[in-house]
Amino acid sequence: WGLYAVVYLLLGLATTAWHVWALFAAYGMYYALVEGPERALVADLVPAQQRGSAYGWFHLSVGIGALPASLLFGLIWKFVGAPAAFACGAVAAALASLVLLLVRGERRL
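These remarks concern the structure in this document. (Residues numbered from 1 in each chain as written. Predicted model: local features only at pLDDT ≥ 70, side-chain atom pairs only at ≥ 80, totals over all residues. Heavy atoms only, no water.)

### Thoughts on the side chain of Ser97
Put simply, the rule reads: Counting from the N terminus, the helices are the DSSP runs of H or I reaching at least four residues and the strands are the DSSP runs of E reaching at least two. Only protein chains enter the accessibility calculation, which uses a 1.4 Å probe. A residue is then buried if its area is under 20% of the maximum for its type, exposed if over 50%, and partly exposed in between. Here, residues are in contact when the closest pair of their heavy atoms is within 4.5 Å.
One can find Ser97 in helix H4 (residues 82–108). Its relative accessible area of 16% is what places Ser97 among the buried residues. Non-local contacts of Ser97, meaning those with residues more than four positions away in its chain, are made with Trp1 and Gly2.

Structural data, given as C-alpha cells:
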C-alpha cells in the first residue's frame, strides 16, 4: 500500500503523458502485488470455518467504500484540482498502511 500511496502522489504531480503511463504501469504492479496477499490476510485473520463469510464481508466493505471514495475523489478533483485529489488518495493509503501494520502487530502479540 506504500507503493499505492507513492503512485497516487506522483500521479497528481505528473506533467507529461509518459509520466502517467509509467505510473499507470506501477499501479498495475501494485494491484498485482496486493490482490493475493489481501485475500490471504482475510484468511489469516479469521477461523477457518468463518472464511467464506469473511470474504463476503471483505468484498462488501470494498464495494461499499469504493462509491463514496470515488465520489469524494471526483469532487476534490472538480473543485480543488487533480493534484489535491491524488494527494488525498495518497494520504488515505498511507494511513491505511499504518492501520494495517498496527492490526498485524497486535495479532502477533
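### Overview of helix H1 (residues 2–13)
Definition in use: The span one expects for a helix is its residue count, reduced by one, times 1.5 Å. This arc corresponds to the set of directions leading from the helix axis out to the C-beta atoms.
The end-to-end C-alpha separation of H1 is 17 Å, in line with the 16 Å expected for 12 residues at 1.5 Å each. Residues Tyr4, Ala5, Val7, Tyr8, Leu11 and Gly12 constitute the buried set of H1. Looking straight down H1, one finds its buried side chains confined to an arc of 165 degrees; they lie on one side.

### What about the packing of aromatic side chains?
For clarity, the threshold we go by: Only the six-membered ring of Trp is used, alongside the rings of Phe and Tyr, when aromatic pairs are assigned; centres must lie within 6.5 Å, and planes under 30 degrees apart are stacked while those over 60 apart are edge-to-face, with the rest tilted.
For the structure on display, the rule yields 9 aromatic pairs. Residues Tyr4 and Tyr8 carry aromatic rings whose centres are separated by 4.6 Å and whose planes lie at 25 degrees to one another, so their mutual orientation is stacked. Taken together, the residues span about one helical turn, with Tyr4 and Tyr8 both in helix H1 at a distance of 4 residues. The exposure class of Tyr8 is buried, given its relative accessible area of 16%. Both rings, one in Tyr4 and one in Tyr30, keep their centres 4.9 Å apart while their planes meet at 50 degrees; by these two values the pair is tilted. One end of the pair, Tyr4, is in helix H1; the other, Tyr30, is in helix H2 (residues 17–45), with 26 residues separating them in the sequence. Exposure remark for Tyr4: the relative accessible area of 18% places this residue in the buried category. What makes Tyr30 buried here is its relative accessible area of 10%. One aromatic cluster in this structure is built from Tyr4, Tyr8, Tyr27, Tyr30, Phe73, Trp77 and Phe86.

### A few points about the environment of Ala93
Along the chain, Ala93 falls in helix H4. Since its relative accessible area comes to 8%, Ala93 is described here as buried. For Ala93 and Ala5, which are 88 residues apart along the polypeptide, the C-alpha to C-alpha distance reads 5.2 Å. Setting aside chain neighbours within four positions, we find Ala93 in contact with Trp1, Tyr4 and Ala5.

### Overview of H2
Quick note on the threshold: The quantity called bend is, for any residue, the angle between two axes fitted respectively to the seven residues ending at it and the seven beginning at it.
For H2, spanning 29 residues, the distance from its first C-alpha to its last is 41 Å, which sits close to the expected 42 Å at 1.5 Å a residue. At Val34, H2 shows its strongest bend, of approximately 30 degrees, with the proline Pro37 following within four residues. For H2, the set of buried residues is Leu23, Ala26, Tyr30, Val34, Leu41, Val42 and Ala43.

### Section: the nonpolar core
The condition is simple: Buried Ala, Val, Leu, Ile, Met, Phe, Trp, Tyr and Cys residues form a nonpolar core when they are joined through side-chain atoms within 4.5 Å.
In terms of nonpolar packing, the biggest core is built from 12 residues, these being Tyr4, Ala5, Val7, Tyr8, Leu11, Leu23, Ala26, Tyr30, Val34, Phe86, Ala90 and Ala93. Within the residue set of this core, elements represented by two or more residues are H1, H2 and H4. Take this core: its biggest share by element is 5 residues, from H1. Every residue in contact with Leu23, bar those within four places of it in the chain, is listed here: Val7, Leu10, Leu11 and Ala14.

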